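As a plain string of letters, each chain reads:
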Amino acid sequence: MTMHLPRSLREALAIVASGDVVPVAGGTDLLVRWPEKVELHDRELLDLSGIAELRVTARQPDHLRLGATATYWDFLTDATLRSEFPMLASAARQVGAVQIQSRGTWAGNVVNASPAADGVLALIACDASVEVQSLDAQRTIPLRDFYTGYRATQLRRGELVTAILVPREARVHEYLEKVGSRRAQTISKVGLAMCRVGDSWRVVVNAMAPTVRRCPSLERAMSSQAPRTVDEWLPMIHQDLTPIDDVRSTKDYREQVLARLLHAFTTQAQPT
Ligand SMILES: Cc1cc2nc3c(=O)[nH]c(=O)nc-3n(C[C@H](O)[C@H](O)[C@H](O)COP(=O)(O)OP(=O)(O)OC[C@H]3O[C@@H](n4cnc5c(N)ncnc54)[C@H](O)[C@@H]3O)c2cc1C
């Protein structure tokens, strides 16, 4: 097995441009799925962890720039970030346990494209974008549009994700709830992230569709008149989402849980 260990982004992009390599950030998704990913076994690996410039998290005037190898733990150990982005902090705390939080990266969560991804859930609710770079071009893609289907993204051959950009905006009522088989160290059966910006709500759900996604019908309901009962949420859930039965849960359970989360949120007093 060949592992490239570039020291600069430019060097890494040149390696990506010249061959069909597999990037590795924390390796917490890639290596767990390695036995079943037989199509990758003959490919060379590109370790991104030695590129100092990719680890940097920077507060710009209008956005937060999370470098591609910034980990959840980097975020959680920064009190200012925790206080400015409580929903991201909540998601970071709920990804695995400390071992995973200290190796796993936001960008790895994004590119891995799991429908149950917790980082993606909060990042879409914060209207984040993905910064993508090749040797000769850079583009920025809204995360809500990044996924083209189940575990499929807009990332092209020759490109790396270089950062996640999170707007610094006046979000209120930030809320994130993850429902799994237990309180911690679990994969989401239903995840819900919401916030209000101005008069509009963003409502994002994971584990209930092939991709983590925003829910326009639920957003409209939140922004106008929210249903008063649990059952009244169900038709809107059906408009936005098509959950499946799988090893973690059933379609009906997922719909009922989401309806109850929305009902509980809208019938309890919200902090500003
Ligand atoms: C025990 C355990 C518990 C977990 N719990 C959770 C959980 O609760 N919630 C959750 O959402 N996830 C969970 N995960 C999954 C995983 O930890 C996260 O998705 C993590 O964020 C992945 O980041 P990584 O840096 O390890 O990615 P990697 O495994 O290094 O990479 C993931 C994918 O992204 C690609 N990639 C990585 N960086 C780049 C880049 N810069 N440019 C292009 N491609 C790139 C890789 O090639 C690979 O395809 C868990 C995993 C384990 C093993």
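Preceding this section is the structure that the text describes.
On a predicted model such as this, the values are computed, not experimentally measured, just so you know. (Residues numbered from 1 in each chain as written. Predicted model: local features only at pLDDT ≥ 70, side-chain atom pairs only at ≥ 80, totals over all residues. Heavy atoms only, no water.)

Student: Can you tell me about the overall build of the protein, naming the residues and giving the values?
Tutor: A tally of regular secondary structure across the protein gives 10 helices and 14 strands. Here the C-alpha radius of gyration of the protein, 19 Å, is about what a compact globule of 272 residues would show, namely 19 Å. Along the longest, intermediate and shortest principal axes, the C-alpha atoms of the protein span 60 × 40 × 30 Å. The buried share of the protein, reckoned over its 272 residues, is 50%. In the protein, the proportion of contacts linking residues at least 24 apart, taken out of those at least 6 apart, comes to 59%. With an accessible surface of roughly 13,000 Å², the protein has 50% of that area assigned to carbon and sulfur atoms. Charge centroids of the protein, computed over 32 positive and 31 negative side chains, lie 3 Å from each other. (Helix = DSSP H or I, 4+ residues; strand = E, 2+ residues; numbered from the N terminus. Rg over C-alpha atoms; globule rule 2.2 N^0.38 Å. Buried < 20%, exposed > 50% of the residue type's maximum accessible area, 1.4 Å probe, protein only. Contact = heavy atoms within 4.5 Å. Areas by Shrake-Rupley, 256 points an atom, 1.4 Å probe, with all protein chains shown as cover. Lys, Arg positive; Asp, Glu negative; His and termini not counted. Charge placed at Lys NZ, Arg CZ, Asp CG, Glu CD.)

Student: For the sheet that holds strand β3 (residues 45-47), give the residues involved together with the corresponding values.
Tutor: As summarised here, the arrangement of the three strands in space is β1-β3-β2, forming an open sheet in which the pairing is parallel. On the outer flanks of this sheet lie β1 (3-4) and β2 (22-24), each paired with one strand and no other. (Pairing = 2+ DSSP bridges.)

Student: Got a sec to walk through the packing of helix α8 (residues 216-223) against helix α9 (residues 230-240)? Specific residues and values, please.
Tutor: Here α8 crosses α9 at 140°, and the two axes come no closer than 7 Å. Comparing their axes, α9 and α8 come out oblique. In contact with Pro216, Ser217, Leu218, Ala221 and Met222 of α8, α9 contributes Trp233, Met236, Ile237, Gln239 and Asp240. Classifying every residue of the contact of α8 with α9 gives seven nonpolar, two polar and one charged. (Axes fitted to C-alpha atoms, helices over the stretch in contact; angles between N-to-C directions. Parallel < 35°, antiparallel > 145°, perpendicular 65-115°, else oblique. Nonpolar A, V, L, I, M, F, W, Y, C, P; charged D, E, K, R; others polar.)

Student: How would you explain the site of the ligand if you had to name every residue and give the values?
Tutor: Around the ligand, the surrounding shell holds 31 residues, and the nearest of these are Pro23, Thr28, Asp29, Tyr72 and Thr105. Interatomic distance of 2.6 Å between a side-chain N/O atom of Thr28 and an oxygen atom of the ligand. Between an oxygen atom of the ligand and a side-chain N or O atom of Thr105, the distance comes to 2.7 Å. Here the ligand loses 87% of its free accessible area of 990 Å² to cover by the protein chains. (Near = heavy atom within 4 Å. Polar contact = N/O pair within 3.5 Å; in protein donor to acceptor, adjacent residues only side chain to side chain.)

Student: Requested: an account of the state of the cysteines, with residues and values cited.
Tutor: Disulfide: a covalent bond connecting the sulfur atoms of a pair of cysteines. Throughout the structure, instances matching the rule amount to zero disulfides. No disulfide involves Cys195; its sulfur sits 6.1 Å from the nearest other cysteine sulfur, which is in Cys126. Here Cys215 stays unpaired: no disulfide links it, and the sulfur of Cys195, its closest cysteine neighbor, is 13 Å away. Residue class for Cys215 comes out buried when judged on its relative accessible area of 0%. (Disulfide = S-S within 2.5 Å.)

Student: Summarise the pattern of salt bridges; cite the residues concerned and give the values.
Tutor: On inspection of all chains with the given rule, the structure shows 17 salt bridges. One salt bridge in this structure joins Lys178 and Asp118, with 2.6 Å as the shortest N-O distance. Within this pair, whereas Lys178 is found in strand β11 (residues 171-179), its partner Asp118 is found in helix α7 (residues 118-125), the two being separated by 60 residues in sequence. We note a salt bridge from Arg144 to Asp127, for which the minimum N-O separation is 2.8 Å. (Salt bridge = Lys/Arg side-chain N within 4 Å of Asp/Glu carboxyl O.)

Student: Report on the packing of aromatic side chains, specifying residues and quantitative values.
Tutor: Applying the stated rule across the entire model yields five aromatic pairs. Their ring planes at 75° and their centres at 5.4 Å tell us that Phe146 and Tyr147 sit as a pair that is edge-to-face. In terms of burial, Phe146 and Tyr147 fall into one category: buried. A network of ring pairs unites the aromatic residues Tyr72, Phe75 and Trp106 as a single cluster. (Phe/Tyr/Trp six-rings, centres within 6.5 Å; stacked < 30°, edge-to-face > 60°.)

Student: Let's hear about the side chain of Thr211: which residues, and what values?
Tutor: By secondary structure assignment, the location of Thr211 is in the loop between β13 (200-206) and β14 (213-214). Given the relative accessible area of 11%, Thr211 is considered buried. The contact partners of Thr211, leaving out residues within four places of it in the chain, are Pro115, Tyr147, Gly149 and Tyr150.

Student: Kindly report on the sheet that holds strand β7 (residues 138-142), identifying the contributing residues and their values.
Tutor: Strand order across the open sheet formed by five strands is β4-β5-β10-β6-β7, with antiparallel pairing between neighbours. Edge positions in the open sheet fall to β4 (57-59) and β7, since each of these has one partner strand only. Shown here is a sheet whose adjacent strand axes are inclined to one another by a mean of 20°, direction ignored. The sheet contact formed by strand β6 (residues 129-133) and β7 spans five bridges and is antiparallel. Bridging across to β7, Val130 finds its partner in Ile141.

Student: I'd love a proper account of the nonpolar core, names of residues and values included.
Tutor: Ranked by size, the top nonpolar core spans 52 residues in total, and within it Leu123, Ile164 and Val166 carry the most contacts. For this core, the element with the most residues is α7, which contributes six residues. Sequence-distant contacts of Ile164, defined by excluding residues within four places in its chain, comprise Leu64, Arg65, Leu66, Trp106, Ala107, Val110, Leu123, Ala128 and Ser129. (Core = buried A, V, L, I, M, F, W, Y, C linked by side-chain atoms within 4.5 Å.)

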